[in-house]
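One letter stands for each residue in the lines below.
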Amino acid sequence: MIRPDMKKIFLSLLTIFIFLIAVMLFNTFTFDSQQVHVDPVPKIDIPASAKEHMSQAITIPTVSNEDPSKIDSAAFFRFHEFIKTTYPLADSLLGITKINTFSLIYEWKGTDPSLKPVILMGHMDVVPVAEENIDKWDHPPFGGEIRNGMIYGRGAIDDKVSVIGNLEAVELLLSRGFQPNRTIYLCFGHDEEIGGINGATAIVEHLKNKGVKAEFVLDEGFAISQGLVPGIDKDVALIGTAEKGFVSLKLSVALEGGHSSMPGEESAIDVLARAVVKLKDNPFPAEVTQPVNDFMDHLGPEMPFTQKVAFANRWLLEPVIMNSFSESASGSAMLHTTTAPTIFNAGIKENVIPYTANATVNFRILPGTSIQDVKNRVASLINDDRIVIGEGSFNSEAPQSSSTDSHGFVTIRNTIKEIFPEALTSPNLVVGATDSRYYYPLSDDVYRFTPIHLTPETIKTFHGINERLSVEDFENAIRYYVRLIENATSSIE
Ligand SMILES: [Zn+2]
């Protein structure tokens, strides 16, 4: 028999439980879709020459070399010459400024100088193809071959699709006699893959000196995911409203060395290895930042019921969500400032204990955390003054998140709905670094989105083997940029 006081406890627990379930169900059923309805637009014809242009662009190996003094200037000059002759209207009707010889700004003057301009970005440079991997490509990485509806080659998705896609769009609009009301800038950097120091930063400096304040900026970023967002079968267009910061810390130790037959208590290798292990064993805590919160708000309502319950009740179930995100490297990267040892150097001979050991640890930093925060945490975790902590040269603070209500966001999103009506849209945190991080002095509204599809298969080709883009995706990218320019420059304010 249950004792009366036990019964009371049981009843009150039951009441709390039922109340919780009721609250959770209420939250779930009122967790409304954020998807907007926009009518699709008819597909415009894309000239057959467009894909040939993309193919030719890929054959020009505008490879970024880690050493900026080793820039392959001939390839970049050829690329300039190629776009000059391929896009004669843009070349003759738009203002063109070369920045640090290799980067380009196209200025398409708007009819209404009171309107703020729009900046569309891309980068002309590509990452190299490792010698030992050339054979692994189905088609040569700089061949630009089109096979079975796919354009193969380095730069197909990163990022010649943005450069050539935008130029095709502008040329097409110019041929129709289109006049934008606000000025459009096309800004093409030449060194994004090595940090954008001579390209993007100098472009921004130039525009800033001209007094440019932009309505919004659109750069490469994520794309339309197919099967990459767990729990969602539909296509999802992810618009980067923020990106992570970046710092590499160089750890070095100098201790007494000696002969390996009589090792001392601790060598430089021991000390440094222990420090690196400490950093790996103590990851930064998980945190839901603004862009990730926005992501959950936009995609949670589209999820199957159980996930929807979780996303609608983050006040209670956040730890569960964090656990499931942390199961994949990509999910984990959205919630953590990540720690990745990337270089470890010590020793030159098997029987000599080295005096010095050096390591580089790369951190990708969540918005809201500063480089100084990272340094402080690393110093206190290592807690060993024999280790000197220095900074690498290409560091960037995580920029602020851009609005999801701005004219820019709404235009980018609505244009996605017009061209890719089957896709859901969502804000997103871009975990890699893009040139757009330098553009904040020109606008608060900086977004990252490339209008192509990425699948679990094609995402591996990004900086990898068999980088490729379907002709259909390329043509839709042109349709996207055409429509984006129309929407951004002819709408009523
Ligand atoms: Zn890129």
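Residues numbered from 1 in each chain as written. Predicted model: local features only at pLDDT ≥ 70, side-chain atom pairs only at ≥ 80, totals over all residues. Heavy atoms only, no water.

1. Topic: the overall build of the protein chain
Summing up its helical and strand segments, the protein chain has 14 helices and 17 strands in all. By the compact-globule yardstick of 23 Å for 493 residues, the protein chain fits well, its C-alpha radius of gyration being 26 Å. Its C-alpha atoms give the protein chain principal-axis dimensions of roughly 85 × 75 × 45 Å. Evaluated residue by residue, the protein chain yields a buried proportion of 52% over its 493 residues. Restricting to contacts in the protein chain with at least 6 residues of sequence separation, those with at least 24 account for 83%. Taken as a whole, the protein chain presents about 22500 Å² of accessible surface, with 56% of it coming from carbon and sulfur. Computed over 41 positive and 62 negative side-chain charges, the inter-centroid distance for the protein chain is 3 Å. (Helix = DSSP H or I, 4+ residues; strand = E, 2+ residues; numbered from the N terminus. Rg over C-alpha atoms; globule rule 2.2 N^0.38 Å. Buried < 20%, exposed > 50% of the residue type's maximum accessible area, 1.4 Å probe, protein only. Contact = heavy atoms within 4.5 Å. Areas by Shrake-Rupley, 256 points an atom, 1.4 Å probe, with all protein chains shown as cover. Lys, Arg positive; Asp, Glu negative; His and termini not counted. Charge placed at Lys NZ, Arg CZ, Asp CG, Glu CD.)

2. Comments concerning the pattern of salt bridges
Per the counting criterion, the structure on display carries 19 salt bridges. Salt-bridge contacts for Arg176 lead to Glu486; the nearest nitrogen and oxygen are separated by 3.1 Å. Of this pair, Arg176 sits in the loop between helix 5 (160-175) and strand 6 (184-189) while Glu486 sits in helix 14 (residues 471-490); the two residues are 310 residues apart in sequence, bridging distant segments of the chain. Taking relative accessible area as the criterion, Arg176 reaches 43% and is therefore assigned partly exposed. Here the salt bridges do not stand alone but share partners, grouping Arg176, Glu418, Arg483 and Glu486 into one network. (Salt bridge = Lys/Arg side-chain N within 4 Å of Asp/Glu carboxyl O.)

3. Things to note about the coordination of the zinc ion
Protein coordination of the zinc ion is provided by His123 (NE2), Asp158 (OD), Glu220 (OE) and Glu220 (OE), with donor distances spanning 1.9 to 2.4 Å. For the zinc ion, the four donor atoms in the first shell make angles of 56 to 147° at the metal, so the coordination geometry reads as irregular. Counting along the primary sequence, the residues that act as donors to the zinc ion give the motif H-x34-D-x61-E. In this pair, His123 sits in strand 3 (residues 118-123) while Asp158 sits in the loop between strand 5 (150-152) and helix 5, placing the two residues 35 residues apart along the sequence. For His123, a relative accessible area of 1% gives the class buried. Classification of Asp158 as buried rests on a relative accessible area of 3%. (Donors = N, O, S within 2.8 Å, 3.2 Å for Na, K, Ca; no water. Tetrahedral: all angles 85-135°; square planar, octahedral: opposite > 155°, others 65-115°.)

4. Some details on the domain arrangement of the protein chain
Splitting the protein chain by domain gives domain 1 (49-242 + 399-490) and domain 2 (245-391). Each of domain 1 and domain 2 has a C-alpha centre, and these two points are 31 Å apart. Facing the 20 residues of domain 1 at the interface are 17 residues of domain 2. Buried area between domain 1 and domain 2, both sides added, is near 1400 Å², and the carbon and sulfur share of it is 71%. Considering only the surface of domain 1 that becomes buried against domain 2, Pro427, Leu429 and Val431 emerge as the three largest contributors, covering 32% of it. (Domains from an automatic or database assignment. Buried area = accessible area lost by both parts, 1.4 Å probe.)

5. A look at the pairing of strand 9 (residues 245-254)
Counted residue by residue, strand 9 has seven buried out of ten residues, so it is predominantly covered. The pairing of strand 9 with strand 13 (residues 356-365) spans ten bridges and is antiparallel. In the strand pairing of strand 13, Leu249 is matched with Val361. Here strand 9 runs beside strand 14 (residues 387-391); their pairing, made up of five bridges, is antiparallel. Among the inter-strand pairings, Lys250 is bridged to a residue of strand 14, identified as Gly390. (Pairing = 2+ DSSP bridges.)

6. A word on the side chain of Glu193
Mapped onto the elements of the fold, Glu193 is located in the loop between strand 6 and helix 6 (200-209). Buried charge without a salt bridge: Glu193, with Arg154 as the nearest opposite-charge side chain at an N-O distance of 7.8 Å. Apart from residues no more than four positions distant in its own chain, Glu193 is found in contact with Ser64, His123, Asp125, Val126, Val127, Asp158 and His463.

7. Side note on the nonpolar core
Membership of the largest hydrophobic core comes to 64 residues, with the highest contact counts inside it found for Ile164, Leu218 and Tyr480. It is helix 14 that contributes the most residues to this core, ten residues altogether. (Core = buried A, V, L, I, M, F, W, Y, C linked by side-chain atoms within 4.5 Å.)

8. Overview of the sheet that holds strand 14
Pairing in this open sheet of four strands is antiparallel, and the strands run 11-13-9-14 from one edge to the other. Of all the strands in the sheet, the pair left with one neighbour each is strand 11 (338-346) and strand 14. Strand-to-strand twist of the sheet, defined as the mean angle between neighbouring strand axes without regard to direction, takes the value 20°. Where strand 11 meets strand 13, eight bridges bridge the pair, whose relative direction is antiparallel. Note that in strand 13 the partner of Ala346 across the bridge is Ala357. Where helix 12 (residues 371-382) meets the sheet, its contacts fall on strand 9, strand 13 and strand 14, and the angle it forms with strand 9 comes to roughly 30°. (Axes fitted to C-alpha atoms, helices over the stretch in contact; angles between N-to-C directions.)

9. With respect to unusual backbone geometry
Cis geometry is adopted by the peptide bond preceding Asp159, which originates at Asp158 and carries an omega value of 10°. Structurally, the position occupied by Asp159 is in the loop between strand 5 and helix 5. Phi angles above zero are rare outside glycine, and Asn148 is one such case at about 45°. Mapped onto the secondary structure, Asn148 falls in the loop between strand 4 (146-147) and strand 5.

10. Quick notes on a nonpolar patch on the surface
Taken together, the side chains of Phe10, Leu11, Leu14, Phe17, Ile18, Ile21, Leu25, Phe29 and Phe305 make up a nonpolar region of the molecular surface, amounting to roughly 910 Å² of accessible area. Within the secondary structure, Ile21 is located in helix 1 (residues 4-29). Owing to a relative accessible area of 34%, Ile21 belongs among the partly exposed residues under this scheme. (Patch = residues over 30% accessible without salt bridge, like charges linked within 9 Å, V, L, I, M, F, W, Y side chains within 5 Å.)

11. Let's talk about the packing of helix 1 against helix 10 (residues 314-326)
Where helix 1 meets helix 10, the closest approach of the two axes is 12 Å, and the angle between their N-to-C directions is 85°. One way to sum up the angle between helix 1 and helix 10 is to call them roughly perpendicular. Contacts from Leu20, Val23, Met24 and Asn27 of helix 1 reach helix 10 at Trp315, Leu316 and Leu317. When its residues are assigned to classes, the contact of helix 1 with helix 10 shows six nonpolar, one polar and no charged. (Parallel < 35°, antiparallel > 145°, perpendicular 65-115°, else oblique. Nonpolar A, V, L, I, M, F, W, Y, C, P; charged D, E, K, R; others polar.)

12. Re the packing of aromatic side chains
Enumeration according to the criterion identifies 13 aromatic pairs in this entry. Taken together, a centroid distance of 6.0 Å and an interplanar angle of 70° make the contact between Trp108 and Phe178 edge-to-face. With Trp108 in strand 2 (residues 103-108) and Phe178 in the loop between helix 5 and strand 6, this residue pair connects regions lying 70 residues apart in the sequence. Across the pair, Phe178 and Trp108 agree in class, each one buried. Geometrically, the ring pair formed by Phe295 and Phe325 is edge-to-face, given 6.5 Å between the ring centres and 80° between the ring planes. Taken as a pair, Phe295 in helix 8 (residues 290-299) and Phe325 in helix 10 lie far apart in primary sequence, 30 residues in all. Here the aromatic cluster, defined as three or more aromatic residues joined through ring pairs, consists of Phe420, Phe449, Tyr480 and Tyr481. (Phe/Tyr/Trp six-rings, centres within 6.5 Å; stacked < 30°, edge-to-face > 60°.)

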